[in-house]
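Spelled out, the chains give:
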Amino acid sequence: MFSAIARIFRTPDLRRKIGFSLGIVALFRLGSFIPAPFVDFGNVQSCLAANQDASGLYELVNLFSGGALLQLSVFALGIMPYITASIIVQLLRVVIPHFETLHKEGASGQGTLTQYTRYLTIALAILQSTTLITVARSGALYGTSASAECSQLLTNDAWYAIMLMVITMTAGTGLIMWMGELITERGIGNGMSLLIFTSIAALFPGSLASIGQQKGIEVLLIVLAIGLVVVAAVVFVEQSQRRIPVQYAKRMVGRRTYGGNNTYIPIKVNMAGVVPVIFASSLLYLPALIAQFNQPAAGQAPPAWVTWVTNNLTQGNDPLYMALYFLLIVGFTYFYVAITFNPEEVADNMKKYGGFIPGIRAGRPTAEYLDFVLTRVTLPGALYLGLIALLPLIAFSAIGADQNFPFGGASILIVVGVGLETVKQIDAQLQQRHYEGLLR
């Protein structure tokens, strides 16, 4: 293992790519601590110290921004607008035939879709930065129980100051998008995924230190032990796949023989990735958001439905919240897999090139068989996603780790997934120059 790592740094091209990627990552983290114009840095730090936890959608966005959101930095929005835009463009392929046509055109069509994603990212960044600044002006960014100084986060709330802050945060999102594409082009691994990995991993030391200070070394050791088990389980499931054997008939083209080889279709247990967790978290936050905008005036009793939502759909340790969260994740997993994997399209492509599954007729029977296998394989994947996402909620009910518990939900899925893909790319580049790679 150590000799393989030494070979990485002895290979000039690979060393240069890794160094370039690390340099971009360092710039990305530096931008997360530079405050936006007209932001009172002292008040922001005081409010962060007094309100250690964020809830609902802010928790998710703050996670993907590496803590930059609540610091109101130039990179406050992080990579979240790009993630949202990518998911929207992918879902629009089902609704808009032109998008599906572009996807099937190959590199040129997918380049056009990427350009659409960039434009949508900038539009979403303008919308989200405006919302963030509005919430910061109202004093509700750190919760309704925040101190008076948390409502004075901006030193100037004139229209030109607000516009400059919106432009700065939107430009920050555009710069992050460019950094990610630079890593993909000149570095190692997928740039966007690596920036998300960096944002999440940067919060782990602080979360573990907070657990150790608040709950003691015993609870910290329990959390670390749970973390090791969870990481091992996530690696096992992420690598698990059902391989459907495929044979290709021999065919003569001129004097050459093509086909006649055996391969397989890999159907992963978790084909949806982390997207169902994001969907479920966002949807569950909507009732709390609507209730927040329907708070009564001072001295008046809130409506019954607002009280019910506040009591049942805002606390992660509530049994109803956990049950709805789990069911939404399972449902969104089936929904997203049905969108991203089309059995009929796969069956048609196999038939076009003379491929068939042994014992299954080509065409419609093959599509039905693939749909049958996909439905059954997705069930354990959906249950696995639900259980992993519930880990932080169970943690602050069982051991009192509160929302500092880092080994669960979207965070561990992204960290492990991106780590595995990056190691595979490094291993592939090592094997181009040596007989042995990084993996054994």
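This text goes with the structure placed above it.
Everything numeric in this text was worked out from a predicted model, so none of it was measured. (Residues numbered from 1 in each chain as written. Predicted model: local features only at pLDDT ≥ 70, side-chain atom pairs only at ≥ 80, totals over all residues. Heavy atoms only, no water.)

**Focus: the overall build of the chain**
For the chain, the helix and strand inventory stands at 17 helices and five strands. Considering the chain as a whole, with its 440 residues, one finds that 45% of them fall into the buried category. Long-range pairs, those at least 24 residues apart, make up 70% of the contacts in the chain with a sequence separation of at least 6. (Helix = DSSP H or I, 4+ residues; strand = E, 2+ residues; numbered from the N terminus. Buried < 20%, exposed > 50% of the residue type's maximum accessible area, 1.4 Å probe, protein only. Contact = heavy atoms within 4.5 Å.)

**Examining the packing of aromatic side chains**
Throughout the structure, instances matching the rule amount to five aromatic pairs. Considering the side-chain rings of F28 and F75, the 6.1 Å spacing of their centres and the 25° angle between planes classify their relative orientation as stacked. Of this pair, F28 sits in helix α2 (residues 12–31) while F75 sits in the loop between α4 (56–64) and α5 (80–95); the two residues are 47 residues apart in sequence, bridging distant segments of the chain. Per residue, the accessibility class of F28 equals that of F75, and both read buried. Judged by centre distance (6.1 Å) and plane angle (40°), the rings of Y321 and Y325 are tilted. Highlighted residues: Y321 and Y325, both in helix α14 (residues 319–340), separated by four residues, approximately one helical turn. An identical accessibility class is assigned to Y321 and Y325; each is buried. (Phe/Tyr/Trp six-rings, centres within 6.5 Å; stacked < 30°, edge-to-face > 60°.)

**A closer look at helix α6 (residues 97–104)**
Looking only at α6, the buried set comprises F99, E100 and L102. Each buried residue of α6 sits inside an arc of 160° when the element is viewed along its axis, so together they form one side. Opposite its buried face, α6 presents the exposed residues P97 and K104, each directed more than 90 degrees away. Just past α6, the residue G106 takes up positive phi, approximately 95°. (Arc of directions from axis to C-beta.)

**Some words on the sheet that holds strand β5 (residues 355–356)**
The sheet built from three strands is open, its strands ordered β4-β1-β5 with antiparallel pairing. Each end of this open sheet is capped by a strand with a single partner; those strands are β4 (262–268) and β5. Pairing analysis gives two bridges linking strand β1 (residues 241–248) to β5, with the strands arranged antiparallel. Residue pairing for β5: Y248 is matched across the bridge by G355. (Pairing = 2+ DSSP bridges.)

**Focus: α14**
In this model, α14 (22 residues) spans 32 Å end to end at C-alpha, consistent with the 32 Å of a helix rising 1.5 Å per residue. Buried within α14 are the following residues: Y321, M322, Y325, I329, V330, F332, T333, Y336, V337 and I339. (Expected span 1.5 Å × (residues − 1).)

**Let's talk about the packing of α6 against helix α7 (residues 107–138)**
The contact between α6 and α7 brings their axes to 6 Å, and the two run at 130°. By the angle between their axes, α6 is oblique relative to α7. Residues H98, F99, L102 and H103 of α6 form the contact with α7, whose own contacting residues are G109, Q110, T112, L113 and Y116. When grouped by side-chain class, the residues that make up the contact of α6 with α7 number four nonpolar, five polar and no charged. (Axes fitted to C-alpha atoms, helices over the stretch in contact; angles between N-to-C directions. Parallel < 35°, antiparallel > 145°, perpendicular 65-115°, else oblique. Nonpolar A, V, L, I, M, F, W, Y, C, P; charged D, E, K, R; others polar.)

**Some details on a negative patch on the surface**
On the surface, E344, E345, D348 and D371 cluster together to form a negatively charged patch. The element contributing the most residues to the negative patch is helix α15 (residues 343–352), with three residues. Of note, D348 is situated in helix α15. Residue classification places D348 among the partly exposed positions, given a relative accessible area of 47%. (Patch = residues over 30% accessible without salt bridge, like charges linked within 9 Å, V, L, I, M, F, W, Y side chains within 5 Å. Areas by Shrake-Rupley, 256 points an atom, 1.4 Å probe, with all protein chains shown as cover. Salt bridge = Lys/Arg side-chain N within 4 Å of Asp/Glu carboxyl O. Lys, Arg positive; Asp, Glu negative; His and termini not counted. Charge placed at Lys NZ, Arg CZ, Asp CG, Glu CD.)

**Considering the environment of I329**
Looking at the element boundaries, I329 is found in helix α14. Taking the C-alpha atoms as reference, I329 lies 7.1 Å from L385; in sequence the two are 56 residues apart.

**So, the pattern of salt bridges**
Once their charged atoms are close, side chains differing in charge can pair, the charge on each being opposite to the other. Inspection of the entire model under this criterion finds seven salt bridges. A salt bridge links R93 to E100; its shortest N-O distance comes to 3.3 Å. A cluster of three or more residues bridged by salt bridges with shared partners is formed by D13, R16 and K17.

**Some remarks on the nonpolar core**
Core analysis: the largest hydrophobic core is formed by 66 residues, its most contacted members being V234, V277, Y325 and L413. Counting residues per element, this core draws most heavily on helix α16 (residues 364–398), at 10 residues. A domain split of this core shows at least three residues from each of domain 1 (17–187) and domain 2 (214–439). Once residues within four sequence positions are removed from consideration, Y325 is found in contact with V277, A280, S281, L284, A389, L390 and L393. Residues V39, L69, L70 and L154 belong to the second largest nonpolar core, which totals 22 residues. (Core = buried A, V, L, I, M, F, W, Y, C linked by side-chain atoms within 4.5 Å. Domains from an automatic or database assignment.)

**Some remarks on the pairing of β1**
Two strands pair when backbone bridges link them, and β1 and β4 are joined in this way by seven bridges, in the antiparallel orientation. Directly across from V246, in β4, lies its bridge partner T263.

**As for a nonpolar patch on the surface**
On the surface, a cluster of nonpolar side chains totalling about 510 Å² of accessible area is made up of W159, Y160, M163 and I167. If you trace the backbone, I167 turns up in helix α8 (residues 159–186).

**Some points on the layout of surface pockets**
Left-over empty space is what a probe sized like a water molecule reveals as it rolls over the atoms. In this structure, the second largest pocket encloses a volume near 1600 Å³. If you trace the second largest pocket, you find 47 residues lining it, with Q90, N190, S193, V275 and Y336 closest to the centre. Every element with two or more residues in the lining of the second largest pocket is listed here: α5, α7, α8, α9 (191–201), α11 (217–239), α12 (275–292), α14 and α17 (409–433). Sort the elements by how many residues they give to the lining of the second largest pocket and α17 lands first, with nine residues. Looking at which domains feed residues into the lining of the second largest pocket, each of domain 1 (17–187) and domain 2 (214–439) gives three or more. (1 Å grid on protein atoms, 1.4 Å probe; cavity = no way out; pocket = protein on both sides within 12 Å on 5 of 7 lines; lining within 4 Å. Points joined across faces, edges and corners; volume = space filled by probe spheres on them.)

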